[in-house]
Amino acid sequence: MGSTATPEHDGRGEKSDDGKGGRRRDRRKLGPLGRFALFNRQIVAELRKVVWPKKQELRQYTTVVIVFVIVMIGLVYGIDYGFSKLTFWIFG
Amino acid sequence: MLTAFAKAFKTPDLRKKLLFTLAILVVYRLGCNIPAPGVDFRYVKECVSQASTSGGSLFGLVNLFSGGALLQLTIFALGIMPYITASIILQLLTVVIPRLEALKKEGQAGQTKITQYTRYLTLALGVLQATGLAATARSGNLFSQCSVGSQVVSSQSYMTIVTMVVTMTAGTAIIMWLGELITDRGIGNGMSILMFTSIAAGFPGQIWQIKQQKGWLPFTLVIVLGLCLVGLVVFVEQAQRRIPVQYAKRMIGRRAYGGTSTYIPLKVNQAGVIPVIFASSLLYIPALVVQFSGSTASWANWVEQNLTKGDHPIYMVIYFLLIVFFAFFYVGISFNPEEVADNMKKYGGFIPGYRAGRQTAEYLQYVLTRITWPGSLYLGLIALVPLVALVAFNANQNFPFGGTTILILVGVGLETVKQIDSQLQQRSYEGFLR
């Protein structure tokens, strides 16, 4: 992973260079490009710690959402169809 | 899963909430179908059907957000947009104006006052937009390609225009009220639900249009692409960065409290669909202004050329930037690291390795910024991907199945389903999400 200089870069020695001191000194030394690279490494480091949904969970949520959305669309479409016929009958 | 839906309806107060929300949606759709006074219904119908087949440049975009009501000049023609715009403006102003900021910090009472301001602003915007719409309809600019476009408003007298404006503004107020009712007594966030409904209303017609214009193969491709996007959106919405929190064990009287470890879930896309809604509702304003003013000045031409088509590069860039901006902005106002750190300190919680208080807040901020960057880029890219595919496809510019549509439909759907589910679980049912 290289040095990401995150507040907790190896999960244990977090206290040594968290937040302010270490990182800021690092930043001053780096040029804008270096800082950008550091920031990107930090982003990747954080993204690695993200808990991504598992396959089964993903499948379940996706199905539920798709069913829900389709049901709602169908419902709204039905309501709309009725009302447009109604307005057509009254005003048309 | 279907049994879970049935269970949701068997639980008395959840059923009440669901039926209440549905009833409000019915009222909303009813208002979206009743023509405003002074409008000749038959001519409007004729012109709308012409406009949808020939594909007016602005119509697709604007109509999408009002659920087709705007072009039909109904009493709910303005839709939820003025309310959304007003709340964006107020939230932006809260950062700028110290008095509003003080109000926000006051807590409940101040928040009520800000909500009140939002309502006033909504009405003001409603009057503005209604006047624009009525005037455009009267002069015949609304349907410039339609042969009977100038006869859409039956009488040219000012009284008719005033009546239309008053009716539409009142409609806006009612929609606002409906939205708040859903938030208070129904399921989900009223504003998002109404937005969802508007988009859902236009969806079947638009997707069918693809089939009719392009045939079965692109139609199937679009559906498959859409389903993949749904999966992707769900995937990222569910992704969390969990920050461990340890609670100190303490004795109060003879009982031990705390000593548990939990986590603060920071979503990769902490802001949800709000940035997309905000960005698209801001971006449609210039187009709307041009359409209403009927101006042919150079700026108007520029807007017409660059901002009304979803697949124009400038439009895409601005849209993307706005989404990224609003993602950060919304995370900034909705998640306050200092407050969270303070609360944790109060109840004896801490993040292992960080001191309570300022250091914790700084750490939270650190993680939040680094997690929101990819999150906001994801939002922006998803909103654009179908547009890019579209350019490659060389399809109709009023592509309905865009990223915005999917983000809003899926985002709001997921939010609502989760809310229903958590209510089910409170009553110890299994729910549909295990």
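Everything quoted here is computed from the prediction, not taken from an experiment.

Q: Quick question: what am I supposed to make of the pattern of salt bridges here?
A: When their charged atoms lie close together, side chains carrying opposite charge are able to pair. Applying the stated criterion across every chain yields a total of seven salt bridges over all chains. Between Lys-49 of chain A and Glu-46 of chain A there is a salt bridge, with its nearest N and O atoms 3.8 Å apart. The exposure class of Lys-49 of chain A is partly exposed, given its relative accessible area of 28%. A residue is classified by how much of its surface remains accessible, and Glu-46 of chain A, at 0% relative accessible area, is buried. Measuring nitrogen to oxygen at the nearest pair gives 2.9 Å for the salt bridge that ties Arg-119 of chain B to Glu-180 of chain B.

Q: Help me understand the interface of chain A and chain B in this model?
A: Many analyses report the size of an interface as the accessible area lost when the parts associate. On the side of chain B, 53 residues touch chain A, which itself brings 44 residues to the contact. Across the chain A to chain B interface the summed buried area is about 4,600 Å²; carbon plus sulfur atoms make up 75%. For the pair chain A and chain B, the interface holds two salt bridges. For Asp-80 of chain A, the salt bridge goes to Arg-29 of chain B, with nearest N and O atoms at 2.7 Å. Our enumeration of links across chain A and chain B arrives at seven residue pairs in polar contact (both at pLDDT 80 or more). Only helix 1 (20–29), helix 2 (32–48), strand 1 (50–51) and helix 3 (55–91) of chain A provide two or more residues apiece to the side of chain A that touches chain B. The element best represented in the side of chain A that touches chain B is helix 3 of chain A, accounting for 23 residues. Broken down by class, the residue content of the side of chain A that touches chain B amounts to 26 nonpolar, seven polar and eleven charged. Bridge count for strand 1 of chain A against strand 1 (residues 240–247) of chain B is two bridges, and the pairing is antiparallel. Paired with Val-50 of chain A across the strands is Arg-241 of chain B, a residue of strand 1 of chain B.

Q: In this structure, what is going on with the confidence of the model for chain B? I would like to understand it.
A: A low pLDDT score tells you not to read the predicted coordinates there in detail. Residue and element names in this part refer to chain B. When the pLDDT values of chain B are averaged, the result is 81; 85% of them are 70 or greater. Mean pLDDT values for the elements of chain B range from 62 in helix 4 (residues 59–66) up to 91 in helix 9 (residues 158–185). This complex was scored by the predictor with a pTM of 0.81 and an ipTM of 0.83.

Q: Help me understand the packing of aromatic side chains, please; the structure alone is not making it clear to me.
A: Remark: the centre distance and the inter-plane angle together describe each pair of aromatic rings, the angle taken between the planes. Residues and elements named next belong to chain B. Summed over all chains, the structure comprises twelve aromatic pairs over all chains. Measuring from ring centre to ring centre gives 5.4 Å for Phe-278 and Phe-326, while their planes differ by 85 degrees; the resulting arrangement is edge-to-face. Of this pair, Phe-278 sits in helix 12 (residues 274–293) while Phe-326 sits in helix 14 (residues 313–334), placing them 48 residues apart in sequence. The class for Phe-278 is buried, based on a relative accessible area of 5%. For the pair Phe-278 and Tyr-330, a centre-to-centre distance of 6.4 Å together with 85 degrees between the ring planes defines the contact as edge-to-face. In this pair, Phe-278 is assigned in helix 12 and Tyr-330 in helix 14, connecting sequence segments 52 residues apart. An aromatic cluster is built from Phe-278, Phe-325, Phe-326, Phe-329 and Tyr-330, whose rings are joined through pairwise contacts.

Q: Explanation requested: the nonpolar core in the structure shown.
A: In globular proteins that are soluble, nonpolar side chains generally tend to be buried together. All names here are of chain B. Core analysis: the biggest nonpolar cluster contains 111 residues, and Leu-73, Met-168 and Tyr-319 have the highest contact counts within it. Setting aside chain neighbours within four positions, we find Tyr-319 in contact with Val-276, Ala-279, Ser-280, Leu-283, Ala-383, Leu-384 and Thr-404. Within the second largest apolar cluster, six residues are counted, among which are Leu-14, Leu-18, Ile-187 and Leu-424.

Q: When you look at the pairing of strand 1 of chain B in this model, what are you seeing that I'm missing?
A: Both faces of the sheet carry side chains from a regular strand, because those side chains alternate between them. Residues and elements named next belong to chain B. For strand 1 and strand 4 (residues 261–267), the ladder comprises seven bridges, and the chain directions are antiparallel. In the strand pairing of strand 4, Arg-242 is matched with Pro-265. For strand 1 and strand 5 (residues 349–350), the ladder comprises two bridges, and the chain directions are antiparallel. Residue pairing for strand 5: Tyr-247 is matched across the bridge by Gly-349.

Q: Sorry, what's going on with helix 17 (residues 403–426) of chain B here?
A: Structural remark: α-helix, 3.6 residues per turn; residues separated by three or four positions point the same way. Its 24 residues give helix 17 of chain B an end-to-end C-alpha distance of 34 Å, which sits within 8% of 34 Å, the value for a rise of 1.5 Å per residue. With respect to burial, helix 17 of chain B is a largely interior element, 18 of its 24 residues being buried.

Q: What am I meant to see in the packing of helix 3 of chain A against helix 17 of chain B here?
A: Following both chains from N to C, one finds helix 3 of chain A and helix 17 of chain B inclined at 105 degrees, their axes separated by 9 Å at the closest point. Between helix 3 of chain A and helix 17 of chain B, the angle is such that the two are roughly perpendicular. In this structure, helix 3 of chain A contributes Tyr-61, Val-64, Val-65, Phe-68, Val-69 and Ile-73 of chain A to the contact, and helix 17 of chain B contributes Leu-409, Val-410, Gly-413, Leu-414, Thr-416, Val-417 and Lys-418 of chain B. Across the contact of helix 3 of chain A with helix 17 of chain B, the residue classes tally to ten nonpolar, two polar and one charged.

Q: Help me understand helix 8 (residues 108–139) of chain B in this model?
A: For helix 8 of chain B, which comprises 32 residues, the first-to-last C-alpha distance of 46 Å matches the rise-based estimate of 46 Å (1.5 Å per residue) to within 8%. Of the residues trailing helix 8 of chain B, Gly-140 of chain B is marked for its positive phi of about 90 degrees.

What counts, and at which threshold
- Each chain has its residues counted from 1, following the order in which its sequence is written.
- All chains are assigned letters beginning with A, and all ligands numbers beginning with 1, in the order in which they are written.
- The predicted origin of the model limits local features to residues at a pLDDT of at least 70 and limits the giving and counting of side-chain atom pairs to 80 or more, whereas totals for whole chains, interfaces and linings rest on all residues.
- The side-chain quantities take in all heavy atoms of the structure and omit both hydrogens and water.
- A pairing counts as a salt bridge when a side-chain nitrogen of Lys or Arg comes within 4 Å of a carboxyl oxygen of Asp or Glu.
- When a residue's accessible area, from a 1.4 Å probe over protein chains only, is under 20% of the maximum for its type it is buried; when over 50% it is exposed; and in between it is partly exposed.
- Residues count as neighbours in contact if any of their non-hydrogen atoms are within 4.5 Å of one another.
- Two parts placed together each lose some accessible area under a 1.4 Å probe, and adding up what both lose gives the buried area.
- A 3.5 Å cut-off defines polar contacts: any pair of N or O atoms within that distance qualifies, except that in protein one atom must be a possible hydrogen donor and the other a possible acceptor, and neighbouring residues in sequence count only when both atoms are side-chain atoms.
- Runs of E in the DSSP output that reach at least two residues are strands. Runs of H or I that reach at least four are helices, and both are numbered from the N terminus.
- Each residue is assigned to one of three groups, with Ala, Val, Leu, Ile, Met, Phe, Trp, Tyr, Cys and Pro labelled nonpolar, Asp, Glu, Lys and Arg labelled charged, and all others, Gly among them, labelled polar.
- By this definition, two strands are paired if DSSP reports at least two bridges between them.
- Looking at any residue, its pLDDT shows the predictor's confidence there, from 0 to 100.
- Each pair of aromatic rings taken from Phe, Tyr and Trp, with Trp reduced to its six-membered ring, is defined by centres within 6.5 Å and is described as stacked if the planes are under 30 degrees apart, edge-to-face if over 60, and tilted in the remaining cases.
- For the purposes of this section, nonpolar cores are sets of buried Ala, Val, Leu, Ile, Met, Phe, Trp, Tyr and Cys residues that join through side-chain atoms within 4.5 Å.
- What a helix should span is 1.5 Å times the count of its residues minus one.
- Axis lines are fitted to C-alpha atoms, over the contacting stretch for helices. Their N-to-C directions set the angle, which ranges from 0 to 180 degrees.
- Just so you know how the angles are binned, under 35 degrees is roughly parallel, over 145 roughly antiparallel, 65 to 115 roughly perpendicular, and the rest oblique.

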